Each structure stands twice: as structure tokens, then as C-alpha cells.
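Results of the structural survey
Chain by chain, the residues:
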Amino acid sequence: ISASTGIATASNNTIAMQLVPNPANEHVNVNLYGLNAGEKNTLVIYDMLGNVVLKEELSGKTDYELNYDISGFSKGVYLVEISGSNRKGVSRLVKQ
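Let me begin by describing the structure that accompanies this report.

Calculation rules
Residues numbered from 1 in each chain as written. Predicted model: local features only at pLDDT ≥ 70, side-chain atom pairs only at ≥ 80, totals over all residues. Heavy atoms only, no water. Pairing = 2+ DSSP bridges. Helix = DSSP H or I, 4+ residues; strand = E, 2+ residues; numbered from the N terminus. Buried < 20%, exposed > 50% of the residue type's maximum accessible area, 1.4 Å probe, protein only. Polar contact = N/O pair within 3.5 Å; in protein donor to acceptor, adjacent residues only side chain to side chain. Salt bridge = Lys/Arg side-chain N within 4 Å of Asp/Glu carboxyl O. Core = buried A, V, L, I, M, F, W, Y, C linked by side-chain atoms within 4.5 Å. Contact = heavy atoms within 4.5 Å.

This part takes up the pairing of strand E6 (residues 76–83). Sheet topology places strand E3 (residues 41–47) next to E6; six bridges connect them, and they run antiparallel. Bridge pairing links leucine 43 to isoleucine 82 in E6. Pairing between E6 and strand E7 (residues 88–95): eight bridges, direction antiparallel. Directly across from valine 80, in E7, lies its bridge partner serine 91. Count of turn residues in the E6/E7 antiparallel hairpin: four residues.

The next point concerns the environment of serine 85. Within the secondary structure layout, serine 85 lies in the loop between E6 and E7. On the basis of relative accessibility, which here comes to 53%, the residue serine 85 falls in the exposed class. For serine 85, the side chain forms a polar contact with the side chain of glutamate 39, separated by 2.6 Å.

Here we come to the pattern of salt bridges. In total, this model carries one salt bridge according to the counting rule given. For the salt bridge of glutamate 81 with lysine 88, the shortest nitrogen-to-oxygen distance reads 3.4 Å. Of the residues examined, glutamate 81 reaches a relative accessible area of 16% and is grouped as buried.

Grouped together as the largest cluster of nonpolar side chains are 21 residues, with contacts concentrated most on Val28, Val30, Leu32, Leu43, Tyr68, Ile82 and Leu93. Of all the secondary-structure elements, those providing two or more residues to this core are strand E1 (16–20), strand E2 (27–33), E3, strand E4 (52–58), strand E5 (64–69) and E6. Ignoring anything within four residues of it in the chain, the contact list for tyrosine 68 reads Glu26, His27, Val28, Val30, Leu43, Leu54 and Glu56.

Below, the structure written as C-alpha cells:
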């Protein structure tokens, strides 16, 4: 297996995610691109202790523009994960 094959495989298994604004205070927009519309995808936000603070099932579309109220979250760093059957994307969210 060549190095370029490994890189191509890794990028094909990644879902593009954008968090705006980041850092965020009260609301965050989660923009997702390249999901498989025919499969169930799961969006999960974890605190740094690994606790699930938000979870949502998504299906039927390839791109999403979601808005979440995070005013009740404690200040700190969170991990936002989107996963499908064989693909995943993870980003860091800072709550101010």
C-alpha cells in the first residue's frame, strides 16, 4: 500500500464540519458537508470528561446547517463528533 493510497482512504472516510462562531457564547452553528443521505448519522457533543451533553440523529440529507443553544453549557472545551457507518468527523468547540 502506497502512502498516497492511505491518505486518500483517510480523506474519503472524513466528514467535513465547520463550527461558527468558535469560540462561542450562547449559540453555535454546526455546518456539515458530505454526509451519506441514505444512512443514519449521529452528531454528539462531549465535554472533556467524555460525558454526552447533546446527541442528535441525522439522515436524509448530505449537507446540514444546524444551530444549537449552548448557553446552558459550562465554560470550557467540547468535542463535536459526527459519525456515519464508516465515516467520522471531529472538531473542538470552545464555550466562553
